[in-house]
Amino acid sequence: MTDDRNRYPRPDRGEPTPEDPKREGADRAHNDGTPKRLSAPHAPREGEPIPDWFRRVFGEMPAPTSDMDAADHAQFRERRHEALRSLARSIPPVYRWASFVAPELAERVATPGAIAHARRICLSPRVCLMGASRVGKTSLAVAMLRRWVSEHVRPAEFIAVHRLGFARIQHAAGHGEPEIVERAMRAPLALLDDVGSERDTGTNPVPDIVFERHAAQRPTWVTTGLTREQLVARYGTGTVSRLFDQTKVLRLGSGEASEL
Ligand SMILES: Nc1ncnc2c1ncn2[C@@H]1O[C@H](COP(=O)(O)OP(=O)(O)OP(=O)(O)O)[C@@H](O)[C@H]1O
Ligand SMILES: [Mg+2]
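Figured I'd write up the structure that's included with this text.

Quick look at the overall build of the chain now. Helix and strand content of the chain: 10 helices and six strands. Expressed as a percentage of the 260 residues in the chain, the buried residues total 35%. If you take every contact in the chain between residues at least 6 apart in sequence, the share linking residues at least 24 apart comes to 80%.

Within the largest apolar cluster, 55 residues are counted, with the highest numbers of intra-cluster contacts made by Leu140, Leu145, Ala184 and Leu191. In terms of residue count, helix 6 (residues 137-152) provides more of this core than any other element does, eight residues in total. Contact partners of Leu145, with chain neighbours within four places excluded, come to Leu87, Ala156, Phe158 and Leu191.

Our focus in this paragraph is the site of ligand 1. Lining the immediate environment of ligand 1, one finds 15 residues, of which Arg108, Ser133, Lys137, Thr138 and Ser139 sit closest. Ranked by the residues each element gives to the shell around ligand 1, the list is headed by helix 6, at three residues. For the shell around ligand 1, the residue count by class is four nonpolar, seven polar and four charged.

Let's shift gears to the pairing of strand 4 (residues 220-224). Summarising burial for strand 4: five of the five residues are buried, a large majority. Both faces of strand 4 are covered, namely the face carrying Thr220, Val222 and Thr224 and the face carrying Trp221 and Thr223. The sheet contact formed by strand 1 (residues 126-130) and strand 4 spans five bridges and is parallel. Paired with Cys128 across the strands is Val222, a residue of strand 4. Where strand 3 (residues 189-195) meets strand 4, four bridges bridge the pair, whose relative direction is parallel. Across the sheet, Val195 pairs through a bridge with Thr224, a residue of strand 4.

At Arg134, a position not held by glycine, the phi torsion is positive, near 70°. Along the chain, the position of Arg134 falls in the loop between strand 1 and helix 6. The backbone of Gln217 shows a phi angle near 55°, a positive value even though the residue is not glycine. Considering the arrangement of structural elements, one finds Gln217 in the loop between helix 8 (206-215) and strand 4.

As a further point, take helix 7 (residues 179-186). Taken together, the buried positions of helix 7 are Ile180, Val181, Arg183 and Ala184. With its buried residues spanning 160° around the axis, helix 7 presents them on a single face. Here the buried face of helix 7 lies against strand 2 (156-160), strand 3 and helix 8.

Take the packing of helix 5 (residues 114-121) against helix 6 next. Each pair of packed helices gets described by two things: the angle between the helix axes and the distance between those axes. The contact between helix 5 and helix 6 brings their axes to 10 Å, and the two run at 35°. Here the hand of the crossing between helix 5 and helix 6 comes out right-handed. Residues Ala114, Ile115 and Ala118 of helix 5 touch helix 6, and the partners they reach there are Leu140, Ala143 and Met144. Among the residues forming the contact of helix 5 with helix 6, the class breakdown is six nonpolar, no polar and no charged.

Look at helix 7 against helix 8: their axes get within 8 Å of each other, and the N-to-C directions meet at 35°. As for the relative orientation of helix 7 and helix 8, their crossing is right-handed in sense. Note on element contacts: helix 8 touches helix 7 through Ile209, Glu212 and Arg213, opposite Val181, Ala184 and Met185. Its residues assigned to classes, the contact of helix 7 with helix 8 comprises four nonpolar, no polar and two charged.

How each quantity is defined
- Residues numbered from 1 in each chain as written.
- Chains lettered and ligands numbered in written order.
- Predicted model: local features only at pLDDT ≥ 70, side-chain atom pairs only at ≥ 80, totals over all residues.
- Helix = DSSP H or I, 4+ residues; strand = E, 2+ residues; numbered from the N terminus.
- Buried ≥ 20, exposed ≤ 12 C-beta atoms within 10 Å, placed from the backbone.
- Contact = placed C-beta atoms within 7 Å.
- Core = buried A, V, L, I, M, F, W, Y, C linked by C-beta atoms within 7 Å.
- Near = placed C-beta within 6 Å.
- Nonpolar A, V, L, I, M, F, W, Y, C, P; charged D, E, K, R; others polar.
- Pairing = 2+ DSSP bridges.
- Arc of directions from axis to C-beta.
- Axes fitted to C-alpha atoms, helices over the stretch in contact; angles between N-to-C directions.
- Left-handed = near helix turned anticlockwise from the far one by under 90°.

Remember that the coordinates give geometry; whether it matters functionally is a separate question.
Next up, the structure:
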């Protein structure tokens, strides 16, 4: 079921948005590991259509695979655009800027090595970003999500976990799961952002979402400010062992970023 009631407003049109696959293509075109700010001649001109801007600055985008004909290629690009647009609708406005090509990313994710680690693991099915408040977990996770969707050409959902705490209480009994819980369970990739930030209610759906996704082998990413011990105290070992099963864990904070 798709329903946009709990999703965030769409970004303004007209500017090249970070989720635009052409920006992701632009990022790959640099391919030196450091995001670059576009200098004035390379920035989009007022009123310049994005495809023209991309061609002027980077040239033609390569075909996704060499044996695709023009119609397949157009369909592929449309599918990728749609997947990225769908992801963008679930991202909170305050993180709309976040992508690997955004110069702000390096300013807001200060842990040395964290962005390079994130680039390496961003196509993995299971990821957990851990660390104290404001170290850049969510910013980095959004950049990774855009890359995952652009590469896999499948939809993904940003799920703000604090919205889950009361979702079942506010939902009418006998009508299945609330829409946000349904999306969190079924999305091809779900980022559960800030696990532990939700109110600890008796109907908290987080453990059910984790069990359901694990059983169906659906890719699941998590950010959390809790330690593993704190997660166990809150959710129990069954939930936490599923969260960390074959998961790439990236720790942000003091010192170098570390990957497990
Ligand atoms: N839209 C924005 N404008 C200005 N600063 C921002 C914006 N988005 C993020 N930041 C800053 O980037 C830094 C990292 O924020 P981010 O929310 O990614 O951290 P976090 O580790 O997810 O924090 P938390 O544990 O509180 O969720 C913070 O200093 C934050 O203030
Ligand atoms: Mg966060």
